[in-house]
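Descriptive structure summary
These are the residues of each chain, in order.
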Amino acid sequence: MAKPHDPTPAFQRLRLRLRALFYGESRAAIRFRLGVIVLDLLLIGFFIATPMVRDRPIYLAIDYAIAVVVLVDLAARALAAPDLSRWLRRSSFWVDVVVLITLLFPLWLANFAFLRVLRLWSLFHSDFFWETVARRYDNTRWEETTKALATLVTYLFIVTGVVYALYARQHPHINGYVDALYFTVSTVTTTGFGDVTLPGVSGKLISILIMLSGFTLFVRLAQALLRPRKVLFPCPTCGLLRHDLDAVHCKACGQLLNIPNDEGP
């Protein structure tokens, strides 16, 4: 009598293969990760355009197809993770869970579809992106600036989604997604043309919150662009991370530093 086939070796091979693709340094692994990032960007583009295509007959089919893609992506990343419990604690995992839930129940959770744009923030704040596409700019001002810009753009679309969900077709000047985006941008930038205003006390409070939080994100982006360039090198004594490019001693504790210089003598 033939023994039943043991699936464990095949499962282990699958895990090793996925781990090599997600974390390996081979050309095949890099091409795979680039493909995943391109797919992510396409999905994010669809998420941003969702309010404008929601009424089309093909929308639900695309929505459920993307749900399958996100589910497969989550499963593959879980299998590839060297430390599953640590991976489950990452913010990117919970962002993907939220995105997946809104994709699986698009009719019931239509007003929460704007949360899918969080995947934009998650992508540009991930080591997966910087170690694959922009390793040269990892831990530099370019990374800090890109993350600040991604946070600001994500914020704009999240707030636009909130305004659209609360006031679309209930406010005389917010008849569509573009109107909500126009209001959000004019409020965040404190331009305040005044042609679109949210009604009532709740509308004023929402507008104040949008202005204050949006201004904070603009300041953060400006700091990333204008702040004097620093080098990231942890002090072995106190742990201070940012130092001047020509620093010899740590400003915090005076420890002698040996910061590598890749530009030559």
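As a starting point, this report considers the structure included with it. (Residues numbered from 1 in each chain as written. Predicted model: local features only at pLDDT ≥ 70, side-chain atom pairs only at ≥ 80, totals over all residues. Heavy atoms only, no water.)

Along its length, the protein chain carries 10 helices and 2 strands. Traced from its N-terminal end to its C-terminal end, the protein chain shows the element sequence α-α-α-α-α-α-α-α-α-α-β-β. Counting the 265 residues in the protein chain, one finds 36% classified as buried. Put simply, 55% of the contacts in the protein chain that link residues at least 6 apart link residues at least 24 apart. Surface accessibility of the protein chain: about 16,300 Å² in total, with carbon and sulfur atoms responsible for 66%. (Helix = DSSP H or I, 4+ residues; strand = E, 2+ residues; numbered from the N terminus. Buried < 20%, exposed > 50% of the residue type's maximum accessible area, 1.4 Å probe, protein only. Contact = heavy atoms within 4.5 Å. Areas by Shrake-Rupley, 256 points an atom, 1.4 Å probe, with all protein chains shown as cover.)

Here we take up the pattern of salt bridges. In this structure the tally under the stated criterion is 5 salt bridges. Overlapping salt bridges bring together Asp40, Asp73, Arg77, Asp96 and Arg119 as one network. (Salt bridge = Lys/Arg side-chain N within 4 Å of Asp/Glu carboxyl O.)

Attention now moves to the packing of aromatic side chains. Summed over the entire model, instances satisfying the criterion amount to 10 aromatic pairs. Centre to centre, the rings of Phe22 and Phe32 are 5.2 Å apart; their planes meet at 85°, and the pair counts as edge-to-face. Here the residue Phe22 occupies a position in helix 1 (residues 8-23), and Phe32 occupies one in helix 2 (residues 27-53), the gap between them amounting to 10 residues. Aromatic pair Phe93 and Trp94: ring centres 5.0 Å apart, planes at 75°, arrangement edge-to-face. Residue classification places Phe93 among the buried positions, given a relative accessible area of 14%. The positively charged end of Arg77 is found above the aromatic ring belonging to Phe128, 4.7 Å away from the centroid. (Phe/Tyr/Trp six-rings, centres within 6.5 Å; stacked < 30°, edge-to-face > 60°. Lys NZ or Arg CZ within 6 Å of the ring centre and 35° of its normal.)

Two elements in contact, helix 8 (residues 141-167) and helix 9 (residues 177-188), have axes separated by 8 Å at closest approach and are oriented at 125°. The orientation of helix 8 relative to helix 9 falls into the category oblique. Crossing hand, helix 8 versus helix 9: right-handed. Residue-level contacts link Tyr155, Leu156, Phe157, Val159, Thr160, Val163 and Tyr164 of helix 8 to Tyr177, Ala180, Leu181, Phe183, Thr184 and Val188 of helix 9. Here the residues of the contact of helix 8 with helix 9 are counted per class, giving 11 nonpolar, 2 polar and no charged. (Axes fitted to C-alpha atoms, helices over the stretch in contact; angles between N-to-C directions. Parallel < 35°, antiparallel > 145°, perpendicular 65-115°, else oblique. Left-handed = near helix turned anticlockwise from the far one by under 90°. Nonpolar A, V, L, I, M, F, W, Y, C, P; charged D, E, K, R; others polar.)

Moving on, we come to the side chain of Ser122. Tracing the backbone shows Ser122 in helix 6 (residues 118-124). Among residues more than four places away in sequence, those in contact with Ser122 are Ser92 and Val95.

The next point concerns the nonpolar core. Core analysis: the largest hydrophobic core is formed by 38 residues, its most contacted members being Tyr155, Val163, Ile174 and Ile210. Counting residues per element, the ones that place at least two in this core are helix 1, helix 2, helix 3 (59-80), helix 6, helix 7 (127-132), helix 8, helix 9 and helix 10 (200-226). Counting residues per element, this core draws most heavily on helix 8, at 11 residues. If you look at the next biggest cluster of nonpolar residues, it comprises 15 residues, including Ile66, Phe93, Val99 and Leu100. (Core = buried A, V, L, I, M, F, W, Y, C linked by side-chain atoms within 4.5 Å.)

Another aspect to go through is helix 8. For helix 8, which comprises 27 residues, the first-to-last C-alpha distance of 39 Å matches the rise-based estimate of 39 Å (1.5 Å per residue) to within 8%. Just past helix 8, the residue Arg169 takes up positive phi, approximately 65°. (Expected span 1.5 Å × (residues − 1).)

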